[in-house]
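Observations on chain architecture
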Amino acid sequence: MDVKLNETWKKHLQDEFSKEYFQNLVKFVKEEYKTKTIYPPGPYIFRALNETPFDNVKVVILGQDPYHTPGVANGLAFSANEGQKIPPSLMNIYKEIKREFGTTIPTSPDLGRWAKQGVLLLNATLTVRKGEAGSHQGKGWETFTDAVIKTVSDQKENVVFLLWGAYAQKKESLIDNSKHLVLKSPHPSPFSADRGFFGNNHFKLTNEYLKQHGKEEIVW
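Read on for an overview of the structure.

Procedures and definitions
Residues numbered from 1 in each chain as written. Predicted model: local features only at pLDDT ≥ 70, side-chain atom pairs only at ≥ 80, totals over all residues. Heavy atoms only, no water. Helix = DSSP H or I, 4+ residues; strand = E, 2+ residues; numbered from the N terminus. Rg over C-alpha atoms; globule rule 2.2 N^0.38 Å. Buried < 20%, exposed > 50% of the residue type's maximum accessible area, 1.4 Å probe, protein only. Contact = heavy atoms within 4.5 Å. Areas by Shrake-Rupley, 256 points an atom, 1.4 Å probe, with all protein chains shown as cover. Lys, Arg positive; Asp, Glu negative; His and termini not counted. Charge placed at Lys NZ, Arg CZ, Asp CG, Glu CD. Axes fitted to C-alpha atoms, helices over the stretch in contact; angles between N-to-C directions. Parallel < 35°, antiparallel > 145°, perpendicular 65-115°, else oblique. Left-handed = near helix turned anticlockwise from the far one by under 90°. Nonpolar A, V, L, I, M, F, W, Y, C, P; charged D, E, K, R; others polar. Salt bridge = Lys/Arg side-chain N within 4 Å of Asp/Glu carboxyl O. Expected span 1.5 Å × (residues − 1). Pairing = 2+ DSSP bridges. Phe/Tyr/Trp six-rings, centres within 6.5 Å; stacked < 30°, edge-to-face > 60°. Lys NZ or Arg CZ within 6 Å of the ring centre and 35° of its normal.

Within the chain, the secondary structure is distributed over eight helices and six strands. When its helices and strands are written in sequence order, the chain yields α-α-β-α-β-α-α-β-β-α-β-α-β-α. For 220 residues, the compact-globule estimate of 2.2 N^0.38 gives 17 Å, and the C-alpha radius of gyration of the chain, at 17 Å, lies within 12% of that figure. Taking the principal axes of its C-alpha atoms as reference, the chain extends roughly 45 × 35 × 25 Å. With 220 residues in all, the chain has 53% of them scored as buried. Taking as baseline every contact in the chain between residues at least 6 positions apart, the subset at least 24 positions apart corresponds to 67%. For the chain, the computed accessible surface area is about 10300 Å², with 50% contributed by carbon and sulfur atoms. Treating the 29 positive side-chain charges of the chain as one cloud and the 25 negative ones as another, the clouds have centres 3 Å apart.

What follows is the structure in structure tokens.
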């Protein structure tokens with residue numbers, strides 16, 4: 001398992017690495033990669049953090065788990081590898097962006113272009129077994145990613161947090177909403193998008209907030 005982590009995140013998260021939960025998590029994940037098929041591939045585990053260094057974070061979008069089907073997960077929440085079909089939740093995200101801005105729906109399911117602009121696409125759990133949704137939940141990843149969220153909240157200002165669905169909204173307690181913008185709506189999944197994700201205007205509201213605070217808007 002080849003894991004590399006961006007130096008800016010290493011600096012801000014160094015206290016986590018020495019904690020017992022993290023040491024246990026590393027042992028568990030290494031053993032899983034040795035003995036089972038795990039997604040995403042090892043070098044992509046920390047892709048969200050590596051493609052969006054701490055200093056660049058302007059927006060945080062929270063997901064839950066990597067996709068557990070072959071060839072899809074690429075280390076960014078809601079994103080999929082080039083050549084894969086656009087996942088249903090991402091298609092609904094694209095539809096909402098089209099509704100807000102009148103743009104065409106992209107053909108690529110890889111959200112690396114967002115990550116490079118400062119959108120941290122963070123899943124709560126960063127690994128999963130093939131075909132077993134949620135199989136790496138409760139092993140320590142959530143403690144680590146909660147620390148990521150809290151670090152962004154504590155040490156940055158004027159970040160937009162997009163919390164879609166009940167699971168993501170539970171993370172609101174980690175965020176200081178007196179100095180950040182927290183936007184909440186139902187999840188973009190086909191099961192819930194019609195109950196308030198469509199029409200939430202989150203992408204326009206995000207850009208308006210960034211502009212108000214002298215930051216470059218995201219090209220969604």
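Once that is clear, we can look at the packing of helix H2 (residues 20-35) against helix H6 (residues 141-155). Between H2 and H6, the shortest axis-to-axis distance is 9 Å and the interhelical angle comes to 125°. Here H2 lies oblique to H6, going by the angle between them. Considering how the two elements wind past one another, H2 and H6 form a crossing that is left-handed. Within the contact between the two elements, H2 uses Tyr 21, Phe 22, Leu 25 and Val 29 and H6 uses Trp 141, Thr 143 and Phe 144. Taken together, the residues that form the contact of H2 with H6 break down as six nonpolar, one polar and no charged.

Before going further, it helps to spend a moment on the side chain of Glu 32. Here Glu 32 is to be found in helix H2. Those residues in contact with Glu 32 that lie beyond four places of it in its chain are Ile 38, Arg 129 and His 136.

Further remarks concern the pattern of salt bridges. Overall, the coordinates contain 12 salt bridges when judged by the stated rule. Where Lys 19 meets Glu 16, a salt bridge forms, and the shortest distance between an N and an O atom there is 3.0 Å. Residue class for Glu 16 comes out buried when judged on its relative accessible area of 11%. Across the salt bridge formed by Arg 99 and Glu 96, the nearest N and O atoms sit 3.0 Å from each other.

If you check H6, its first and last C-alpha atoms are 21 Å apart, about what 15 residues at 1.5 Å a residue would give, namely 21 Å. Those residues of H6 not exposed but buried are Trp 141, Glu 142, Phe 144, Thr 145, Ala 147, Val 148, Ile 149, Thr 151, Val 152 and Ser 153.

Remark: helix H4 (residues 88-101) packs on helix H8 (residues 202-212), axes separated minimally by 8 Å, with the N-to-C direction vectors making an angle of 65°. Facing H4, whose interface residues are Ile 93, Glu 96, Ile 97, Glu 100 and Phe 101, H8 presents His 202, Phe 203, Lys 204 and Asn 207. Partitioned by chemical class, the residues of the contact of H4 with H8 number four nonpolar, two polar and three charged.

It is worth spelling out the environment of Lys 98 at this point. Mapped onto the elements of the fold, Lys 98 is located in helix H4. Taking C-alpha positions, Lys 98 is 9.4 Å from Trp 220, a pair spaced 122 residues apart along the chain. Setting aside residues no more than four positions away along its own chain, Lys 98 makes contact with Thr 103 and Ile 105.

Attention now goes to the pairing of strand S3 (residues 119-123). Of all five residues making up S3, five are buried, and the element is well covered by its neighbours. Sheet analysis places strand S2 (residues 59-63) next to S3, joined by five bridges and oriented parallel. Each residue of the ladder has a partner; that of Gly 63, found in S3, is Asn 123.

Further remarks concern the packing of aromatic side chains. How two aromatic rings sit relative to each other is given by the distance of their centres and the angle of their planes. Applying the stated rule across the entire model yields 15 aromatic pairs. Judged by centre distance (5.2 Å) and plane angle (85°), the rings of Trp 164 and Phe 197 are edge-to-face. Separated by 33 residues along the polypeptide, Trp 164 in strand S5 (residues 160-164) and Phe 197 in the loop between strand S6 (181-185) and H8 bring together distant segments of the chain. In this structure, Trp 164 and Phe 197 share a single accessibility class: buried. Every member of this aromatic cluster is reached through a ring pair, and the members are Phe 78, Trp 114, Trp 164, Phe 197, Phe 198, Phe 203 and Trp 220. Over the aromatic face of Tyr 44 sits the side chain of Arg 47, whose NZ or CZ is 5.8 Å from the ring centroid. Its end group placed over the ring of Phe 54, Lys 156 keeps NZ or CZ at 5.0 Å from the ring centre.

Nothing here speaks to function; it is geometry throughout.
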